[in-house]
Amino acid sequence: MENMNIIHVDMDAFYASIEQRDNLKLRDKPIAVGGNPESRGVISTASYEARKYGVKSAMSCRKALTLCPDLIIIPVNIKKYKIVSKEIHEIFKKYSLKIEPISLDEAFIDVSGQNAIEIGKRIKKEIYDNLRLTASVGVSYNKFLSKLASDINKPNGFTVIAKKDVDRILNPMPIRKLWGVGPKTEEQLNRLGIFTIKDLKGYNKDIIIDKFGKKGIELINFANGIDERPVLPRLRSQSLGEENTFPEDIDNIDILHKKLDNYAEDIVGKIKRYKYLIKTITVKIKYEDFSIETRSITLNNPTDNLIVIKKTAHHILDSKFNILKKVRLLGLTVSNFTYPNEPIQLRLDIDKYTREDD
Ligand code: TTP
Ligand code: MG
């Protein structure tokens with residue numbers, strides 16, 4: 001089989017399934033996890049039993065209760081879901097370290113060089129055996145197709161999209177299924193008479209590119225099953241840096257500058273490799289008397305530019321410290337990451353969901 005290497009895992013009714021697992025009384029019942037109906041709360045997610053009534057994410061609790069008067073609404077317990085998310089990741093990590101988490105319950109795993117279908121099945125089974133939760137798993141040869149695949153037989157699905165099946169599977173799908181097509185783009189495409197992926201493939205390319213620019217090219221590629229974006233492993237930690245204790249305490253500013261330059265070069269190498277951008281730069285000093293000071297600058301724009309990071313580090317050292325003692329240790333750390341290649345329509349800003357509860 002061609003190079004099947006990408007697995008996409010998306011847990012089924014994630015928050016709701018955890019609550020049902022942990023409370024027998026909720027099993028097989030229409031339940032939702034979400035805010036308080038009295039205080040205009042919204043549904044975070046609904047169990048599949050509740051979805052039959054039309055209850056879904058982002059709907060107001062009040063509306064959900066009109067659609068399904070027996071609905072049991074459980075408050076969000078984000079701490080618990082984060083623990084489960086970590087447990088799921090521990091399973092992924094047995095098979096590959098190239099894991100790109102998309103949200104608490106969703107991730108891409110690049111298993112190049114191994115048998116992706118076999119591993120996909122094992123991951124699904126291990127999640128169920130160890131955590132008593134179901135996942136939908138998609139396997140294909142790129143991110144777009146594996147994500148599409150995991151959605152096809154949800155819940156508890158396992159779907160493989162091989163190259164030979166791409167046209168048959170994609171052609172009849174509504175263009176909404178293409179990555180990056182939200183309601184606005186959908187409407188624009190509909191106005192051109194494009195409703196299915198097949199319609200888009202048959203349309204004059206130049207017109208699409210003219211109208212949608214770079215995004216147009218991307219849409220045509222997706223429609224043809226082409227997606228070259230790599231799986232981008234995320235740093236689990238929130239910062240990246242280097243520090244060193246000098247063999248002898250230093251009082252020469254030029255040496256400190258030089259040291260910061262070396263750190264910056266290493267750090268920029270790493271952030272470029274993983275395609276991160278950073279916003280905050282921190283310099284740390286431990287003096288000869290072992291007292292420690294740290295100073296930071298947060299840039300207006302995220303960067304991975306070596307010169308910007310070097311200059312900022314120098315600026316912090318020169319203007320934010322008052323170095324009167326010899327320096328025993330110097331450190332440079334970058335933090336506040338952003339991920340420039342974030343697939344546009346992945347709503348998955350974990351913070352967006354958790355900010356209120358955390
Ligand atoms: P999803 O994977 O979109 O939804 P789901 O896992 O509940 O259901 P399924 O994948 O089977 O369709 O989101 C994962 C979790 O993120 C979800 O359980 C709750 C949370 N979430 C919100 O809090 N608000 C939202 O608007 C969405 C879409 C999800
Ligand atoms: Mg899910």
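The rules behind the values
Every residue gets a number counted from 1 within its own chain, in the order that chain's sequence is written. The lettering of chains begins at A and the numbering of ligands begins at 1, in the order of writing. For this predicted model, a pLDDT threshold of at least 70 governs which residues receive local features, and a threshold of 80 or more governs which side-chain atom pairs are given and counted, while totals over whole chains, interfaces and linings are taken from all residues. Hydrogens are left out, water is left out, and the side-chain values use all remaining heavy atoms of the structure. Secondary structure elements are taken from DSSP: a helix is a run of H or I of four residues or more, a strand is a run of E of two residues or more, and numbering for both begins at the N terminus. When accessible area is computed with a 1.4 Å probe and restricted to protein chains, residues below 20% of their type maximum are described as buried, those above 50% as exposed, and intermediate ones as partly exposed. Criterion used throughout: strands pair if DSSP finds at least two bridges between them. Helix axes are fitted to C-alpha atoms over the stretch in contact, other axes to C-alpha atoms as well, and angles between N-to-C directions run from 0 to 180 degrees. In this description, contact between two residues means that some pair of their heavy atoms is separated by no more than 4.5 Å. Working definition: residue near molecule or strand if any one of its non-hydrogen atoms lies within 4 Å of it. Under the rule applied, a polar contact is a pair of N or O atoms within 3.5 Å (in protein, one hydrogen donor and one hydrogen acceptor; residues adjacent in sequence only if both atoms are side-chain atoms). Note that accessible areas follow from Shrake-Rupley with a 1.4 Å probe, and for residues the cover is restricted to the protein chains shown. Pairing of aromatic side chains here covers Phe, Tyr and the six-membered ring of Trp, requires ring centres within 6.5 Å, and sorts the geometry by plane angle: under 30 degrees stacked, over 60 edge-to-face, intermediate tilted. Cation placement over rings: the criterion is NZ of Lys or CZ of Arg within 6 Å of the ring centroid and within 35° of the ring normal. What a helix is expected to span follows from its residue count: subtract one and scale by 1.5 Å. Each residue carries a pLDDT score, the predictor's confidence in it, ranging from 0 to 100. Atoms are scored as donors when they are N, O or S and lie within 2.8 Å of the metal, with 3.2 Å used for Na, K and Ca; no water is included, so coordination may look incomplete. Metal sites are grouped by the angles between bound donors: all angles between 85 and 135 degrees with four donors is tetrahedral, opposite donors over 155 degrees apart with the others between 65 and 115 is square planar for four donors and octahedral for six, and any other pattern is irregular. Here the arc refers to the set of directions running from the helix axis out to each C-beta atom.

## Here we look at unusual backbone geometry
In this structure, Pro155 follows Lys154 across a cis peptide bond, with omega equal to -5°. Even without glycine at this site, Asn336 takes up a positive phi of about 65°. The topology assignment puts Asn336 in strand β12 (residues 327–338). The exposure class assigned to Asn336 is partly exposed, which follows from its relative accessible area of 38%.

## Focus on the sheet that holds strand β4 (residues 72–74)
With mixed pairing, the three strands of this open sheet are ordered in space as β3-β2-β4. The open sheet has two free edges, formed respectively by β3 (43–46) and β4, since each of these has just one partner strand. Neighbouring strand axes in the sheet, compared pairwise and without regard to direction, differ in orientation by 30° on average. As paired strands, strand β2 (residues 31–34) and β4 are joined by three bridges and run parallel to one another. If you follow Ile31 over to β4, its bridge partner there is Ile72. Lying over the sheet, helix α1 (residues 14–22) contacts β2, β3 and β4, oriented at roughly 115° with respect to β2.

## Focus: the site of ligand 1
Taken together, 15 residues form the shell around ligand 1, and within it Ala13, Thr45, Tyr48, Arg51 and Asp105 come nearest. Between an oxygen atom of ligand 1 and a main-chain N or O atom of Tyr15, the distance comes to 3.1 Å. Taking Thr45, its side chain carries an N or O atom lying 2.5 Å from an oxygen atom of ligand 1. With the chains in place, 83% of the 550 Å² that ligand 1 exposes on its own is no longer accessible. Secondary-structure elements contributing two or more residues to the shell around ligand 1 are β1 (6–11), α1, β3 and α2 (48–51).

## Examining the packing of aromatic side chains
The relative placement of two aromatic rings is captured by the distance of their centres and the angle of their planes. Summed over the entire model, instances satisfying the criterion amount to seven aromatic pairs. Where Phe144 meets Trp179, the ring centres are 6.5 Å apart and the plane angle is 35°; that geometry is what we call tilted. Highlighted residues: Phe144 in helix α6 (residues 143–152) and Trp179 in the loop between α7 (166–170) and α8 (183–191), separated in sequence by 35 residues. One exposure class covers both Phe144 and Trp179, and it is buried. An aromatic cluster is defined as three or more aromatic residues linked by ring pairs; in this entry it consists of Phe108, Phe144, Trp179 and Phe222. Here Arg295 stacks its cationic end above the ring of Phe321, 5.4 Å away from the centre of that ring.

## Here's the deal with the sheet that holds strand β5 (residues 99–103)
Ordered in space as β5-β6-β1-β7-β8, the five strands form an open sheet in which the pairing is mixed. Of all the strands in the sheet, the pair left with one neighbour each is β5 and β8 (158–160). Recorded for the sheet is a direction-independent mean angle of 15° between the axes of neighbouring strands. Pairing geometry for β5 and strand β6 (residues 106–110), over four bridges, is antiparallel. Each bridged residue has a counterpart across the sheet, and for Ser103 the counterpart in β6 is Glu106. Sitting on the sheet, helix α4 (residues 78–93) is in contact with β1, β5 and β6, with an inclination near 155° to β5.

## As for helix α13 (residues 306–320)
With 15 residues, α13 should cover 21 Å at 1.5 Å per step; its first-to-last C-alpha distance of 20 Å lies within 8% of that length. If you check which residues of α13 are buried, you get Ile309, Thr312, Ala313, His314, Ile316 and Leu317. Summarising the contacts, the buried residues of α13 are in contact with α12 (253–273), β10 (277–287), β11 (292–303) and β12. Near the N-terminus of α13, the side chain that reaches the backbone nitrogen of Ile307, with its oxygen 2.8 Å away, is that of Asn305.

## Let's talk about the pairing of β11
Note: β10 against β11, eight bridges, orientation antiparallel. Directly across from Ile278, in β11, lies its bridge partner Thr303. Between β10 and β11, which pair antiparallel in sequence order, lie four residues; one of them, Phe290, sits at a positive phi of approximately 75°.

## Thoughts on the confidence of the model for the protein
For any part of a model where pLDDT is low, the fine detail of the predicted coordinates should not be relied upon. Residue-level pLDDT values for the protein average 91, and 93% of them are 70 or greater. Here residues 343–358 scores under 50 on pLDDT; set against residues more than four positions off or in separate chains, the count is 26 contacts.

## Some remarks on the coordination of the magnesium ion (ligand 2)
Protein coordination at the magnesium ion (ligand 2) comes from Asp10 (OD), Met11 (O) and Asp105 (OD), with a distance range of 2.1 to 2.2 Å. Angles of 86 to 174° at the metal separate the six donor atoms of the magnesium ion (ligand 2), which places the site in the octahedral class. Accessibility expressed as a relative area gives 14% for Asp105, which makes it buried.

## Quick notes on helix α11 (residues 214–223)
Burial in α11 covers these residues: Gly216, Leu219, Ile220, Phe222 and Ala223. Projected onto a plane normal to the axis of α11, the buried residues spread over an arc of 160° and lie on a single side. Next to the buried residues of α11 lie α6, α7, α8, α9 (197–202) and α10 (205–212).

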